[in-house]
Amino acid sequence: MGALVTLDLPADAPALTLPWIITFGPMNDEEEWEPVVCGPYERAHALALAEAVVADEELMAVVEPLQPHVTVEQIQGDIAASRMAAENEDLETAALDAELAGYDAEPHDHDHDDDHEHEPPSVDEIRAGFARIAAKLAP
């Protein structure tokens, strides 16, 4: 069984309405091959497809929103925000690690996630999602 990585977003996060992509890659450093990037999809479709692919294979799937930036400044702003978030996360992680030392983590139960399907969407569902995404990108 592989691993699926995605953002944990609040229900009202604007990113949930963006197109999402999936990047499939090896689980470990022993395998060397170019990652495969798929999408764009609606978030629920991306999660379901990624789950289906990694269910029986030792792969890593990263599901993330595709940012439809149209200027260099928007891209640079997101890069700066990401760098600042990483710096803050490092500080928060160190503090949390110190606070949680000795506690056992509970595994996440994907069977109870309500924000995505557990069966891969059909071709028609994916194509309908493409149409909804295209409508959002072309004002």
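Only a predicted model underlies this, so the values are computations on that prediction, with no experimental measurement involved.

Trainee: Before we go on, may I ask you to explain the overall build of the chain in this structure?
Mentor: The number of helices and strands found in the chain is three helices and four strands. By residue count, 22% of the 139 residues in the chain fall in the buried class. A sequence separation of at least 24 residues applies to 71% of the contacts in the chain between residues at least 6 apart.

Trainee: Quick question: what am I supposed to make of helix H1 (residues 43–54) here?
Mentor: Along an α-helix, a turn takes 3.6 residues, which lines up residues three or four apart on a common side. For H1, spanning twelve residues, the distance from its first C-alpha to its last is 17 Å, which sits close to the expected 16 Å at 1.5 Å a residue. Within H1, nine of the twelve residues are buried, leaving the element largely enclosed by the surrounding structure. In the core, the buried residues of H1 are packed alongside strand E1 (3–6), strand E2 (20–26), strand E3 (36–41), strand E4 (59–65) and helix H3 (123–137).

Trainee: Is there a simple way to think about the sheet that holds E3 in this case?
Mentor: Two strands in a sheet stick together by hydrogen bonds in their backbones, pointing the same way (parallel) or opposite ways (antiparallel). A sheet is described by the order of its strands in space; here four strands give the open sequence E1-E4-E2-E3, paired in mixed fashion. In this open sheet, the two edge strands, each paired with only one partner strand, are E1 and E3. Each adjacent strand pair in this sheet contributes to an overall mean axis angle of 20°, direction not counted. Pairing geometry for E1 and E4, over four bridges, is parallel. Looking at E4, one finds that Thr 6 is bridged to Val 63. Sheet contacts for H1: E1, E2, E3 and E4; angle to E2, the most-contacted strand, approximately 15°.

Trainee: Explanation requested: the nonpolar core in the structure shown.
Mentor: For soluble globular proteins, the rule of thumb is that nonpolar side chains tend to be buried together. Counting 13 residues, the largest nonpolar core has Ile 22, Phe 24, Tyr 41, Ala 46, Ala 50, Ala 61 and Val 63 as the members making the most contacts within it. Of all the secondary-structure elements, those providing two or more residues to this core are E2, H1 and E4. When residues of this core are assigned to their parent elements, the largest contribution, five residues, is made by H1. Not counting residues up to four positions away in its chain, the partners in contact with Ala 46 are Trp 20, Ile 22, Tyr 41 and Val 63.

Trainee: In this structure, what is going on with a negative patch on the surface? I would like to understand it.
Mentor: Taken together, the side chains of Asp 29, Glu 30, Glu 31, Glu 32 and Glu 58 make up a negatively charged region of the molecular surface. Following the sequence through the fold, Asp 29 ends up in the loop between E2 and E3. The exposed category is assigned to Asp 29, whose relative accessible area is 73%.

Trainee: Help me understand the pattern of salt bridges, please; the structure alone is not making it clear to me.
Mentor: Between side chains of opposite charge, a pair can form as their charged atoms come close. The final tally for this structure, using the stated rule, is one salt bridge. A salt bridge links Arg 132 to Glu 42; the nearest nitrogen and oxygen atoms lie 2.5 Å apart. With a gap of 90 residues between them, Arg 132 in helix H3 and Glu 42 in the loop between E3 and H1 connect regions that are remote in the sequence. Overall, Arg 132 belongs to the partly exposed group, its relative accessible area being 40%.

Trainee: I tried to follow the packing of aromatic side chains on my own but got confused; where do I start?
Mentor: Using the criterion set out here, one finds one aromatic pair in the structure. The cationic tip of Arg 43 hangs over the ring face of Trp 20; the distance from NZ or CZ to the ring centre is 5.0 Å.

Trainee: How should H3 be read in this particular structure?
Mentor: Taking 1.5 Å per residue as the helical rise, H3 with its 15 residues ought to reach 21 Å, and the 21 Å between its terminal C-alpha atoms agrees with that figure. Where H3 is buried, its residues touch E3 and H1.

Trainee: I keep staring at unusual backbone geometry and nothing clicks. Help me out?
Mentor: Phi is mostly negative for residues that are not glycine, and the peptide bonds are mostly trans. Between Gly 39 and the following residue, Pro 40, the backbone shows a cis peptide bond with an omega angle of 15°. The topology assignment puts Pro 40 in strand E3.

Here is what the cut-offs are and how they apply
- Residues numbered from 1 in each chain as written.
- Predicted model: local features only at pLDDT ≥ 70, side-chain atom pairs only at ≥ 80, totals over all residues.
- Heavy atoms only, no water.
- Helix = DSSP H or I, 4+ residues; strand = E, 2+ residues; numbered from the N terminus.
- Buried < 20%, exposed > 50% of the residue type's maximum accessible area, 1.4 Å probe, protein only.
- Contact = heavy atoms within 4.5 Å.
- Expected span 1.5 Å × (residues − 1).
- Pairing = 2+ DSSP bridges.
- Axes fitted to C-alpha atoms, helices over the stretch in contact; angles between N-to-C directions.
- Core = buried A, V, L, I, M, F, W, Y, C linked by side-chain atoms within 4.5 Å.
- Patch = residues over 30% accessible without salt bridge, like charges linked within 9 Å, V, L, I, M, F, W, Y side chains within 5 Å.
- Areas by Shrake-Rupley, 256 points an atom, 1.4 Å probe, with all protein chains shown as cover.
- Salt bridge = Lys/Arg side-chain N within 4 Å of Asp/Glu carboxyl O.
- Lys, Arg positive; Asp, Glu negative; His and termini not counted.
- Charge placed at Lys NZ, Arg CZ, Asp CG, Glu CD.
- Phe/Tyr/Trp six-rings, centres within 6.5 Å; stacked < 30°, edge-to-face > 60°.
- Lys NZ or Arg CZ within 6 Å of the ring centre and 35° of its normal.

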